[in-house]
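Chain by chain, the residues run as shown.
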Amino acid sequence: MKKNKLLDSPFAVIFCNLILFLLIYFTVMSEYMISLAIIAAVIIAILVVNRFDLINKIFDLYIRHKKTALISALVLGILYPFSLTDNVYVAHIATLAVIYGIACLGLNFQMGSTDMTNFAPAAFMGIGAYTVGIFTVKMGFNPWLGMLAGVVFSGVFGFLIGLPTLKTKGYYLSLVTMAIQLAFTELVRVWPYVGGDDGMSGVQRYKLFGFELYKRYTIFGIRMSPQIPYLLLCIVFLVICTYIAMRVYFSRTGIAMNTVAQDEIAAMCMGMNVSRTKLFAFVIGGMYCGLAGALFVGLEGYVGPATYNFQKSLMLICMVILGGMDNSIGVVLGAFVLAIITEKTRDFADFQQLIYGAVLVIMLIVRPDGIIPWRVRNHDLITKRKPKILERFKPEEDIAEKAQLKAEV
């Protein structure tokens, strides 16, 4: 009995967060062969654990002790950048992984929740990045204002793209978004105002209360890498975006998106506004990608067409499929895994597309639903209410039968 209480206590959540922290730390810090081995071992372990339905039990554990999970994750998230010390390369990889996680959360609203394959997430990222570049380089405005404008413009672009694609689905929608991505890349290449092929360099980096967020600081005698403050900012944005995505998932809008994904005709017969649901997915997904692009340009200090091309869109799609569509935690995990693989195999850049293809083929054969697949919503656990099926029993009825039904539920 004590053992069961311990496994269902806040200490179990803290222990799980600590294990995740150590896995991420050693994966990022190790050499590329060791990193790939750790990633492969973690994926195999998740697949094995999921066969015994332990993944759902871990999710339920986090939901029951969400405050403890959030506080402990926030503490470990703040400590993680400081553990990287002066390792510039590793800090850069970690920051990229967090930014890609935000973009994949946005893409998941379309691919995972609403079953609309979007081949233009890099175009939405490019809108956010180019907006920051224009606001700072061309107009001399504050980059925070550029970030806000980039998120808004990306949402408006998602609305404008969503309108003509409401009547398309499946392969036709994929072809439309693919054409949009190619058109965006070609447009910024031939537009002299945004630098054409050369792009825009010297984009002003973000500052917070007068402190530069991309600068080396010495804390308690330890010289930190310049990406550490910016990594902390990106982690905060990722936590907020993940929280919003999970709230949407458990809301009526999230259920409506899943219904549209399953059967649009059935959704319309149930009184759902299919067009509005699809537009919502395009708008919120575009805003997420726009935010990721605005953060990306703050890391690089440069924006160019080669950074937001069709290849980047394919990489983001692979991240969503790898992690598990319509699961926010799985999508972020897929972004982390593929981002680390991409950067760790930078010496084999000519074979990166082969690596993407091999990873996707293996996952589609072994695990078509992704590393952490979609799970059934547990609204009773979220709202901390007992299932309504128990309400039909009266106090004087058979206690043994009621207890058995409780165990089954």
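We now turn to the structure provided with this report.

Basis of the calculations
- Residues numbered from 1 in each chain as written.
- Predicted model: local features only at pLDDT ≥ 70, side-chain atom pairs only at ≥ 80, totals over all residues.
- Heavy atoms only, no water.
- Helix = DSSP H or I, 4+ residues; strand = E, 2+ residues; numbered from the N terminus.
- Buried < 20%, exposed > 50% of the residue type's maximum accessible area, 1.4 Å probe, protein only.
- Contact = heavy atoms within 4.5 Å.
- Phe/Tyr/Trp six-rings, centres within 6.5 Å; stacked < 30°, edge-to-face > 60°.
- Salt bridge = Lys/Arg side-chain N within 4 Å of Asp/Glu carboxyl O.
- Polar contact = N/O pair within 3.5 Å; in protein donor to acceptor, adjacent residues only side chain to side chain.
- Core = buried A, V, L, I, M, F, W, Y, C linked by side-chain atoms within 4.5 Å.
- Domains from an automatic or database assignment.
- Disulfide = S-S within 2.5 Å.

### Overview of the overall build of the protein
Part 1 of the reasoning: Each helix and strand counted, the protein has 18 helices and six strands in total.
Part 2 of the reasoning: Across the 409 residues that make up the protein, the buried fraction comes to 48%.
Part 3 of the reasoning: Within the protein, contacts between residues separated by at least 24 positions form 77% of all contacts whose residues are at least 6 apart in sequence.

### Things to note about the packing of aromatic side chains
Part 1 of the reasoning: Scanning all chains against the criterion turns up 13 aromatic pairs.
Part 2 of the reasoning: Ring centres of phenylalanine 21 and tyrosine 25 lie 6.5 Å apart, and the angle between their planes is 20°; this geometry places the pair in the stacked category. Of the two residues, phenylalanine 21 and tyrosine 25 both sit in helix H2 (residues 10–29), four residues apart, roughly one turn of that helix.
Part 3 of the reasoning: Judged by its relative accessible area of 17%, phenylalanine 21 falls in the buried class.
Part 4 of the reasoning: On the basis of relative accessibility, which here comes to 22%, the residue tyrosine 25 falls in the partly exposed class.
Part 5 of the reasoning: Aromatic pair tyrosine 25 and phenylalanine 26: ring centres 5.4 Å apart, planes at 80°, arrangement edge-to-face.
Part 6 of the reasoning: Taking the relative accessible area as the measure of exposure, phenylalanine 26 reaches 46% and is therefore partly exposed.
Part 7 of the reasoning: Taken together, the ring pairs connect Phe21, Tyr25 and Phe26 into an aromatic cluster.

### Concerning the pattern of salt bridges
Part 1 of the reasoning: In total, this model carries three salt bridges according to the counting rule given.
Part 2 of the reasoning: The partner of arginine 189 in a salt bridge is aspartate 197, and the shortest N-O contact between them spans 2.9 Å.
Part 3 of the reasoning: Exposure remark for arginine 189: the relative accessible area of 32% places this residue in the partly exposed category.
Part 4 of the reasoning: Classification of aspartate 197 as partly exposed rests on a relative accessible area of 48%.
Part 5 of the reasoning: For glutamate 264, the salt bridge identified is with lysine 278, shortest N-O distance 2.7 Å. Separated by 14 residues along the polypeptide, glutamate 264 in helix H12 (residues 264–269) and lysine 278 in helix H13 (residues 274–300) bring together distant segments of the chain.
Part 6 of the reasoning: Note on lysine 278: relative accessible area 3%, which makes it buried.
Part 7 of the reasoning: Put simply, Glu186, Arg189 and Asp197 are held in one network by salt bridges that share partners.

### A word on the side chain of threonine 114
Part 1 of the reasoning: By secondary structure assignment, the location of threonine 114 is in the loop between helix H6 (88–113) and helix H7 (121–138).
Part 2 of the reasoning: Note on threonine 114: relative accessible area 3%, which makes it buried.
Part 3 of the reasoning: In terms of polar contacts, threonine 114 uses its side chain to reach the backbone carbonyl oxygen of phenylalanine 109, at 2.8 Å.

### Details of the environment of threonine 114
Part 1 of the reasoning: Counting along the chain gives 143 residues from threonine 114 to methionine 257, while the straight-line C-alpha distance between them is 4.8 Å.
Part 2 of the reasoning: If we ignore the near neighbours within four places in the chain, the residues touching threonine 114 are Phe109, Met257, Val260, Ala261, Lys278 and Ala281.

### Some thoughts on the nonpolar core
Part 1 of the reasoning: With 99 residues, the main nonpolar core has Tyr100, Ile102, Leu295, Tyr308 and Met319 as its most contacted residues.
Part 2 of the reasoning: Tallying contributions element by element places H6 first for this core, with 16 residues.
Part 3 of the reasoning: Mapped onto the domain boundaries, this core takes at least three residues apiece from domain 1 (1–83) and domain 2 (85–319).

### Here's the deal with the state of the cysteines
Part 1 of the reasoning: Evaluation of the coordinates by the stated rule reveals zero disulfides.
Part 2 of the reasoning: A disulfide-free cysteine, cysteine 318 has its sulfur positioned 9.8 Å from the sulfur of cysteine 104, the nearest such atom.

### Quick look at unusual backbone geometry
Peptide bonds are trans in most cases, and residues, glycine excluded, mostly fall at negative phi.
Part 1 of the reasoning: A positive phi angle, near 60°, is found at aspartate 115, a position not held by glycine.
Part 2 of the reasoning: Inspection of the secondary structure puts aspartate 115 in the loop between H6 and H7.
Part 3 of the reasoning: The backbone of aspartate 326 shows a phi angle near 65°, a positive value even though the residue is not glycine.
Part 4 of the reasoning: Relative to the helices and strands, aspartate 326 resides in the loop between helix H14 (310–323) and helix H15 (328–344).

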